[in-house]
Amino acid sequence: QVHLVESGGGLVQAGGSLTLSCAASGNIFRINDMGWARQAPGKQRESVATITRVGSTVYADSVQGRFTISRDNANNTVYLQMSSLKPEDTAVYYCNAKIQGYWELRTYWGQGTQVTVSS
């Protein structure tokens, strides 16, 4: 019905950069908020960044100034540009999207992509 497919994760050295992408497809009438969350080993999942349909953004304090979330509504895609990466950023990153389908409204999650930052 609706799927979110992520890409862009990988291994990077501290101070480096990565850009994650997440494309939504399926029975979509409208995508409202989109965002990224992450989960490190032994920790709970935390919100990293959120962007509304019109472009308003909210960032976790830990990534403010280093990460940038953006979206391409025409392609149902959300991006997370990450720079000045730290080992503490190592986690599985999940994209999410609140999607109004033709018959229901719900939040969908991507499969997750591993980001590993080496010191």
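Above: the structure in question.
Worth saying up front: this structure is predicted, and the values here are computed from it rather than measured. (Residues numbered from 1 in each chain as written. Predicted model: local features only at pLDDT ≥ 70, side-chain atom pairs only at ≥ 80, totals over all residues. Heavy atoms only, no water.)

Visitor: Looking at this structure, I do not really get the environment of N73. What am I missing?
Guide: By secondary structure assignment, the location of N73 is in the loop between β7 (67-72) and β8 (77-82). For N73, a relative accessible area of 30% puts it in the partly exposed group. It is 8.1 Å that separates the C-alpha atoms of N73 and I31, two residues lying 42 residues apart in sequence. (Helix = DSSP H or I, 4+ residues; strand = E, 2+ residues; numbered from the N terminus. Buried < 20%, exposed > 50% of the residue type's maximum accessible area, 1.4 Å probe, protein only.)

Visitor: Before we go on, may I ask you to explain the environment of G55 in this structure?
Guide: As for its placement among the helices and strands, G55 is situated in the loop between β5 (46-51) and β6 (57-59). Taking the C-alpha atoms as reference points, G55 and D33, 22 residues apart in sequence, are found 9.2 Å from one another.

Visitor: Explanation requested: the sheet that holds β8 in the structure shown.
Guide: Sheet strands pair via backbone hydrogen bonds, and the direction of the pair is either parallel or antiparallel. Pairing is antiparallel across the open sheet formed by 4 strands, whose spatial order is β1-β3-β8-β7. Each end of this open sheet is capped by a strand with a single partner; those strands are β1 (2-7) and β7. Direction aside, neighbouring strands of the sheet carry axes that sit 15° apart on average. Relative to strand β3 (residues 18-26), β1 is paired through 6 bridges, and the arrangement is antiparallel. Across the sheet, the residue bridging to S7 is S21, located in β3. (Pairing = 2+ DSSP bridges. Axes fitted to C-alpha atoms, helices over the stretch in contact; angles between N-to-C directions.)

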